[in-house]
Amino acid sequence: MDSRTLRNLMRIVQTGSLSAAAEHSCLTVQALAAQLNKVEEQFGFRLFRRSNKGLTLTTQGTELTPYMDKVLVATRQLEEKVAALKVPGQRTLKVALNTTLSGDFNRRMIGRLIEVFPDYQLEFSYAESMENLSKLKNEDFDLAVLIGPQQPGLPSIILPEVQVQVVGAHCGQENDPLVLLGNKFQVRPADDCPYSHSFLRFLDAGLGNYESGKRMVYSCSETLTLSLITQMDGLGMVSRDAAQRNGLTIFPGFEDALEVRLAINNPELSGQALHDVVDLPLHERAERNVRSRSQRNGEKEVFAEIRT
């Protein structure tokens, strides 16, 4: 199975629809269905259940999804390394942008980095925080945009006026009773996921029900969490923007604000250059408290942008 087929299968996971996934993959529905049938025949079991409402993951498909995602990550890393080796001796700055943040934010970041580092060949990748952290630690990336608190051993600059609003989201109705929501399948952030602290605050606020025997799965990917919430009729922690984009219902009475950082893994980069990127010196900011909806009504809306 080639990486293109795997990527197409992950689009089916994300959209729950053959037609939507085919459109994203620039294929006909018939061609994508043929790819899926061939893979399922090769595996010897179904990855998806078919119904008039779309496609949902089977138990086997749910267990395989994280492995398919890892293969795609490794394939992309290999392609990036091959591209870098084609231009030996050139000064390269590898930057990992963050898919959780808006396209406008990432465009501004790209433009600012190009302006501040004109003597470097810039290489950009685009992934979630956990994958970006892995790139810093294991793949010699120089800079990465991360969500959440300071990572040990990685200096970082807090991006001013940039935050990710984390909420509990589900597929039910806004007026569903608390007891009904508490019985939902829980998609819990893995311990090293930036949303894990938000989930604990969600429970501490008495808004969720977590017991050892409860139906639950761990996820360190917002994309996978969104898919599992939809496929399993679950409840999980995602960014407010992602919940709204995917038509999910936001759990009332809770929102957590996470800081966004530019993490540095290259001691050769000058402090002044990094200061110029975000117009902010290296420092730590106190952790924010959870805010309820009533406390937020009078606050000014925060937009993700890079100061110039």
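Within every chain, residues take consecutive numbers counted from 1 along the sequence as written. Restriction of local features to residues with pLDDT of at least 70 applies here, the model being predicted, together with a cutoff of 80 or more for giving and counting side-chain atom pairs; totals for whole chains, interfaces and linings are based on all residues. Hydrogen atoms and water are omitted, and side-chain values are computed over all heavy atoms in the structure.

Colleague: Could you give me a rundown of the packing of aromatic side chains, with the residues and numbers involved?
Modeller: The criterion for an aromatic pair is that two Phe, Tyr or Trp rings (for Trp, the six-membered ring) have centres within 6.5 Å, with stacked assigned to planes under 30 degrees apart, edge-to-face to planes over 60 apart and tilted to the rest. In this structure the tally under the stated criterion is five aromatic pairs. Plain terms: the ring middles of Phe43 and Phe45 are 5.8 Å apart, the flat faces sit at 35 degrees to each other, and that makes the pair tilted. By relative accessible area, Phe43 is classed as partly exposed at 29%. A ring pair is formed by Phe202 and Phe254, whose centres lie 5.3 Å apart and whose planes are at 75 degrees; its orientation type is edge-to-face. Taken together, the residues Phe202 in helix H8 (residues 196-204) and Phe254 in the loop between strand S10 (249-250) and strand S11 (256-264) connect sequence positions 52 residues apart. Like Phe254, Phe202 is buried. A 1.4 Å probe rolled over the protein chains alone gives each residue an accessible area, and that area as a share of the maximum for its type sets the label: buried under 20%, exposed over 50%, partly exposed in between. Helical segments are the DSSP runs of H or I of at least four residues, strand segments are the runs of E of at least two, and each set is numbered from the N terminus.

Colleague: Pulling in residues and values, what's your account of the pattern of salt bridges?
Modeller: Within this document, salt bridges are pairs made up of a side-chain nitrogen of Lys or Arg and a carboxyl oxygen of Asp or Glu, the two lying within 4 Å of each other. For the structure shown, the criterion picks out nine salt bridges. The partner of Glu40 in a salt bridge is Arg50, and the shortest N-O contact between them spans 2.8 Å. Taken as a pair, Glu40 in helix H3 (residues 29-43) and Arg50 in strand S1 (residues 48-51) lie far apart in primary sequence, 10 residues in all. Residue classification places Arg50 among the partly exposed residues on the basis of a relative accessible area of 38%. Here Glu115 makes a salt bridge to Arg112, at a shortest N to O gap of 3.1 Å.

Colleague: So what about helix H9 (residues 222-232)? Which residues, and what values?
Modeller: Of all 11 residues in H9, eight are buried, a share of seventy percent or more. Here H9 has its buried residues at Glu222, Leu224, Thr225, Leu226, Ser227, Leu228, Ile229 and Gln231. Where H9 begins, one side-chain oxygen reaches toward the backbone nitrogen of Thr223, 3.3 Å away; that side chain belongs to Ser221. Two residues or fewer after H9 comes Asp233, characterised by a positive phi angle close to 50 degrees. Pairs of N or O atoms within 3.5 Å make up the polar contacts considered here, provided that, within protein, one atom can donate a hydrogen while the other can accept it, and that residues adjacent in sequence are counted only when both atoms are side-chain atoms.

Colleague: Can you explain the environment of Val217? Please cite residues and give values.
Modeller: Structurally, Val217 can be placed in strand S8 (residues 216-219). Sequence separation between Val217 and Gly234 is 17 residues; the distance between their C-alpha atoms is 9.9 Å. It only takes one pair of heavy atoms within 4.5 Å for two residues to be counted as in contact. The residues contacting Val217, other than those within four sequence positions of it, are Phe185, Gln186, Val187, Arg188 and Leu228.

Colleague: Talk me through unusual backbone geometry; I want residue IDs and the actual numbers.
Modeller: Of note, Cys26 is a non-glycine position whose phi angle comes to about 60 degrees, a positive value. With respect to the secondary-structure elements, Cys26 resides in the loop between helix H2 (18-25) and H3. One non-glycine residue with positive phi stands out, namely Glu161, at about 60 degrees. Inspection of the secondary structure assignment puts Glu161 in strand S6 (residues 156-170).

Colleague: Before we move on, could you go through the confidence of the model for the protein and cite the residues and values that matter?
Modeller: Here the protein averages 80 in pLDDT, and 82% of its residues register 70 or above. As a per-residue measure, pLDDT tells how confident the predictor is, with possible values from 0 to 100. The weakest mean pLDDT in the protein belongs to helix H12 (residues 293-296) at 37; the strongest belongs to strand S5 (residues 143-147) at 94. Predicted confidence for residues 280-308 stays below pLDDT 50, and this span has 67 contacts to residues more than four positions away or in other chains.

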